[in-house]
Amino acid sequence: HTRLQDDWSSDVCSSDLICTQQDRKATLPLRKWFKSQGVEISLPAFDGDAAAVRQAHERLLSDCSAVVIFYGAGDEAWQRSVLVDLRRAPAYRDGRPLPPPLTYLSAPDSDDKQDKVDMEESDLVDGRDGFADHQLQPFLRQLVASGAPS
């Protein structure tokens, strides 16, 4: 496979990968794949006081081209709180909207995750049975298109 980034620009696309601290190791295949495609992935800050963690999160959201929600160890309430937080992203981005986030499902399974698959939600990758790079291609193409010079 050729890297899609090679086809569009020397600029680096960046994506904010939102996950729980427990999922950090589980995100490795995803982070390595994005890196191999020329996409810079930023993890959330997990250490520090609440204000510093919040400020780091807002800075990542202000600068990134896209967001990937890694829905693994986090529960349904965590995932919903992330979505609510992302609705505020334009405030950190001088009014620039974020493209719809990609939700990457990972183990362990849950009723909420299965419901998302059954409802055929958009911008969803089901990686509960292992890393699913082929399902990431449409998101990568969208990311590249949004970062391409006009």
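Just so it is clear, the model here is predicted, and its values are computed rather than measured. (Residues numbered from 1 in each chain as written. Predicted model: local features only at pLDDT ≥ 70, side-chain atom pairs only at ≥ 80, totals over all residues. Heavy atoms only, no water.)

**Let's talk about the layout of surface pockets**
Right, so step 1: In this structure, the largest pocket occupies an estimated 240 Å³ of space.
Right, so step 2: Taken together, Ile18, Cys19, Pro44, Ala45, Ala50, Val53, Arg54, His57, Trp78, Ser81, Val82 and Asp85 make up the full set of residues lining the largest pocket.
Right, so step 3: If you list the elements that add at least two residues to the lining of the largest pocket, you get α2 (50–63) and α3 (76–87).
Right, so step 4: Classifying every residue of the lining of the largest pocket gives 8 nonpolar, 2 polar and 2 charged. (1 Å grid on protein atoms, 1.4 Å probe; cavity = no way out; pocket = protein on both sides within 12 Å on 5 of 7 lines; lining within 4 Å. Points joined across faces, edges and corners; volume = space filled by probe spheres on them. Helix = DSSP H or I, 4+ residues; strand = E, 2+ residues; numbered from the N terminus. Nonpolar A, V, L, I, M, F, W, Y, C, P; charged D, E, K, R; others polar.)

**Points about the sheet that holds strand β3 (residues 66–71)**
Right, so step 1: One open sheet holds the 5 strands; their spatial order is β2-β1-β3-β4-β5, and the pairing between them is parallel. Only two strands of the sheet have a single partner each, and these edge strands are β2 (39–42) and β5 (124–126). The mean angle between the axes of side-by-side strands here comes to 25 degrees, regardless of whether they run parallel or antiparallel.
Right, so step 2: In this structure, strand β1 (residues 13–18) lies alongside β3, joined through 4 bridges in parallel fashion. Note that in β3 the partner of Ile18 across the bridge is Ile69. (Pairing = 2+ DSSP bridges. Axes fitted to C-alpha atoms, helices over the stretch in contact; angles between N-to-C directions.)

**A short note on the nonpolar core**
Right, so step 1: Core analysis: the biggest nonpolar cluster contains 21 residues, and Leu30, Phe34, Val68, Tyr104 and Leu136 have the highest contact counts within it.
Right, so step 2: Per-element tally for this core: the top contributor is helix α6 (residues 137–147), with 4 residues.
Right, so step 3: Those residues in contact with Leu30, other than ones at most four positions away along the chain, are Leu17, Val68, Phe70, Tyr104, Phe131 and Leu136. (Core = buried A, V, L, I, M, F, W, Y, C linked by side-chain atoms within 4.5 Å. Buried < 20%, exposed > 50% of the residue type's maximum accessible area, 1.4 Å probe, protein only. Contact = heavy atoms within 4.5 Å.)

**Observations regarding the pattern of salt bridges**
Right, so step 1: Applying the stated rule across the entire model yields 6 salt bridges.
Right, so step 2: For Glu76, the salt bridge identified is with Arg80, shortest N-O distance 2.7 Å. With Glu76 and Arg80 both in helix α3 and 4 residues apart, this pair spans about one turn of that helix.
Right, so step 3: Between Glu121 and Lys116 there is a salt bridge; the shortest N-O distance is 3.9 Å.
Right, so step 4: Residue Glu121 is classed as partly exposed on the basis of its relative accessible area, which comes to 38%. (Salt bridge = Lys/Arg side-chain N within 4 Å of Asp/Glu carboxyl O.)

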